[in-house]
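Here is how the chains run, residue by residue.
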Amino acid sequence: MENVMKVESAMKAVVVGAGFGGLAAAVGLHQRGWDVTVVERAPELLPVGAGLVIAPNGLKALDTLGAGNEVRKLAALNGDAALRRPGGGIVVRTAGDAIVRRFGDAMMPATRAAVMDVLTAMLPRDALRLGVAATGLEPGLEPGGGSARPVLLTQSGVMPADLIVAADGVNSALRKALFPEHPGPVFSGFTAWRMLVPAPPGDYLPGETWGDGQVFGVTPLADGRIYAYAADHAAAGVTYPDEKAELLRRFGSWHHPIPEIIAAAGPGGILHNDVYEMADPLPAYHRGAVAVLGDAAHAMTPHLGQGANQAMEDAVTLAALAGPARNGVELEKALARYTELRAPRGADIVKRSHKLGALTQTRSRPKAALRNGAMRLAGRVVPDLALRAMDPVVAWQPPL
C-alpha cells in the first residue's frame with residue numbers, strides 16, 4: 001500500500017452513505033487505526049448504477065489508499081478519443097497518450113459497482129451496516145466547545161462517535177440538519193441518462209458528441225461493454241414511460257454507434273436522473289464534529305466528469321487530516337483545515353462544470369458553430385490546449 005499509516009486508536013467514526021466518498025473515507029480512517037462503521041439506508045449493495053470515468057486526480061486519491069492499481073485493472077486502455085457532431089464529423093481528436101504524458105495517468109472508465117467492490121473489500125466485514133437510515137444528528141464539538149461527541153440518530157437507535165461523515169448524497173439529510181439556512185442544490189436545467197450495454201459491432205471512436213443542446217458520450221469498458229451517457233435540456237421532474245423510446249427520439253438519428261447503443265439497452269437498463277448542482281456553496285464542509293463530503297457538499301453537473309473524483313479527493317483529504325487526531329481538540333483543528341482545503345476547491349469545480357455545461361449544451365446554433373470552429377482551430381494550432389485547460393481540475397495532489 002502507498003502512503004498508508006496505521007496506528008492504534010480508540011477514535012470512532014460513523015460514515016453515512018456507502019458511495020465512493022463514504023467508502024473511501026471509511027477505508028482511509030480505518031487504515032489510520034479508527035474504529036469505523038458505515039451505515040447505508042439501502043438494505044443491500046446491489047450492482048446498480050452504470051459507469052464512470054476515474055480521472056488522474058481520482059486515481060491519485062485511490063493511490064493513497066492502496067486501491068489505485070486495483071482500479072486500473074478494471075479499465076480498458078484505449079487510444080484516441082474524439083469530440084464529434086451528430087452527423088459524425090470530428091471537431092477535435094484527443095490522443096490518449098497525451099493525457100498520460102501530462103497528468104501521469106489515463107482516464108479510466110469502469111463500472112461503478114466494480115470500483116465500489118474494490119473499496120468495500122478493504123473494510124472489515126462488520127464495518128458495513130445496511131438498511132440503517134439516518135434520521136438526524138447532534139453535531140457535538142462546536143468551535144471552542146471542547147470534546148463533546150456527535151451522535152447520529154437512526155431508525156435503529158442512536159450512534160455516538162468521535163466523528164460523523166455525511167456522505168449521503170445530493171439530497172443529504174445530514175447536510176440539511178447541519179446547515180438548515182442553506183438553500184441546498186438547485187435544478188441545473190439538464191436531465192441525464194446512463195446505461196451499460198454490449199459493445200456494438202463496427203469501428204468507432206470513443207468520446208462525446210455535441211448537438212444543439214444535447215450530449216451523448218461513448219466509453220468502452222474492459223469487460224467488453226459500453227458505458228454510455230446522454231444529457232439534454234428538460235423541465236425538472238419529467239419522467240418517460242419508455243426511456244429507450246425517448247432516447248431514440250432525441251438521439252436516434254445521430255451517427256454510429258449511438259442508435260445501436262440505445263437499441264441494445266435492456267428493460268430497466270437505462271437510468272434517468274435530473275441533474276442538480278450546489279449553486280450556492282456551503283459556508284463550511286464541517287460543523288461540530290460532522291464533516292460533509294461528495295455530492296452532499298458540492299453536487300455538480302456531470303460535464304467535467306468530476307462528481308466521484310471530487311468525492312474521493314474529499315475522502316482521502318479528510319482521512320489524512322482527521323486520521324491522526326487522538327482527541328476532540330486535535331479533531332477540531334483537523335476539520336477546520338479540511339474545510340479550508342476542500343470548500344474552495346469544491347465551489348470552484350462546481351462553477352467550472354456549470355460553465356462547461358453552458359458551453360457544451362448551448363442551444364444557439366451560431367454559438368455552437370463558433371465553439372466548434374474555435375476548438376477545431378485550437379486543436380490544430382495548440383494540440384494540447386484542451387488538456388492545459390484541465391490542469392486546475394485534474395492536476396491535484398493529495399495533502400499528505
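Given the structure is predicted, the values throughout are model-derived calculations rather than measurements.

Caption draft 1: Just the overall build of the chain, in detail. Each helix and strand counted, the chain has 14 helices and 18 strands in total. By the compact-globule yardstick of 21 Å for 400 residues, the chain fits well, its C-alpha radius of gyration being 21 Å. For the chain, the residues scored as buried account for 52% of the 400 residues in total. A total accessible area of about 17100 Å² is found for the chain, and carbon and sulfur atoms account for 55% of it.

Caption draft 2: Broad picture of the nonpolar core. Formed by 75 residues in total, the largest nonpolar core has its most connected members in Ile-54, Leu-152 and Leu-163. It is helix 10 (residues 307-322) that contributes the most residues to this core, eight residues altogether. If sequence neighbours within four positions are ignored, Leu-152 has contacts with Val-14, Val-16, Val-39, Ala-134, Gly-136, Leu-137, Gly-157, Val-158, Met-159, Ile-164 and Leu-174. One finds Phe-216, Ile-226, Ala-230 and Ile-270 within the second-largest nonpolar core, a separate group that totals 17 residues.

Caption draft 3: Region of interest: the packing of helix 1 (residues 20-31) against helix 10. Orientation of helix 1 relative to helix 10, taken along the N-to-C sense of each, is 25°, at an axis distance of 8 Å. Between helix 1 and helix 10, the angle falls in the class roughly parallel. The element helix 1 and its partner helix 10 pack so that their crossing is right-handed. Across the interface between the two elements, Phe-20, Gly-21, Ala-24, Ala-25, Gly-28 and Leu-29 from helix 1 touch Ala-308, Ala-311, Met-312, Ala-315 and Ala-319 from helix 10. The residue inventory of the contact of helix 1 with helix 10, partitioned by class, reads nine nonpolar, two polar and no charged.

Caption draft 4: Broad picture of the sheet that holds strand 1 (residues 12-16). Pairing within the open sheet is mixed, and its six strands lie in the order 7-2-1-11-18-17. The sheet terminates laterally at strand 7 (128-130) and strand 17 (286-287), the two strands that pair on one side only. Strand direction decides the pairing type here: strand 1 and strand 11 (residues 163-166), joined by four bridges, are parallel. Bridge pairing links Val-16 to Ala-166 in strand 11.

Caption draft 5: Examining the pairing of strand 15 (residues 225-233) more closely. Across the nine residues of strand 15, seven count as buried, placing the element largely inside the fold. With six bridges connecting them, strand 14 (residues 215-220) and strand 15 associate as antiparallel partners. In the sheet register, Val-218 faces strand 15, and the bridge partner there is Ala-228. If you look at the hairpin formed by strand 14 and strand 15, you'll find four residues sitting between the two strands, and Gly-224 has a positive phi there, around 90°.

Caption draft 6: Summary view of helix 2 (residues 56-65). Most of helix 2 sits inside the fold, with ten of its ten residues counted as buried. Those residues of helix 2 that sit buried are Pro-56, Asn-57, Gly-58, Leu-59, Lys-60, Ala-61, Leu-62, Asp-63, Thr-64 and Leu-65.

Caption draft 7: Representation of the side chain of His-182 within the structure. For His-182, the location among the structural elements is in the loop between helix 6 (173-178) and strand 12 (186-198). Residue class for His-182 comes out buried when judged on its relative accessible area of 15%. Here Asp-280 takes part through its backbone oxygen, which lies 2.6 Å from a polar atom of the side chain of His-182. For His-182, the side chain forms a polar contact with the main-chain oxygen of Pro-281, separated by 3.3 Å. If near-sequence neighbours (up to four positions away) are discounted, His-182 is found in contact with Met-278, Asp-280, Pro-281, Leu-282 and Pro-283.

Rules of the game
Residues numbered from 1 in each chain as written. Predicted model: local features only at pLDDT ≥ 70, side-chain atom pairs only at ≥ 80, totals over all residues. Heavy atoms only, no water. Helix = DSSP H or I, 4+ residues; strand = E, 2+ residues; numbered from the N terminus. Rg over C-alpha atoms; globule rule 2.2 N^0.38 Å. Buried < 20%, exposed > 50% of the residue type's maximum accessible area, 1.4 Å probe, protein only. Areas by Shrake-Rupley, 256 points an atom, 1.4 Å probe, with all protein chains shown as cover. Core = buried A, V, L, I, M, F, W, Y, C linked by side-chain atoms within 4.5 Å. Contact = heavy atoms within 4.5 Å. Axes fitted to C-alpha atoms, helices over the stretch in contact; angles between N-to-C directions. Parallel < 35°, antiparallel > 145°, perpendicular 65-115°, else oblique. Left-handed = near helix turned anticlockwise from the far one by under 90°. Nonpolar A, V, L, I, M, F, W, Y, C, P; charged D, E, K, R; others polar. Pairing = 2+ DSSP bridges. Polar contact = N/O pair within 3.5 Å; in protein donor to acceptor, adjacent residues only side chain to side chain.

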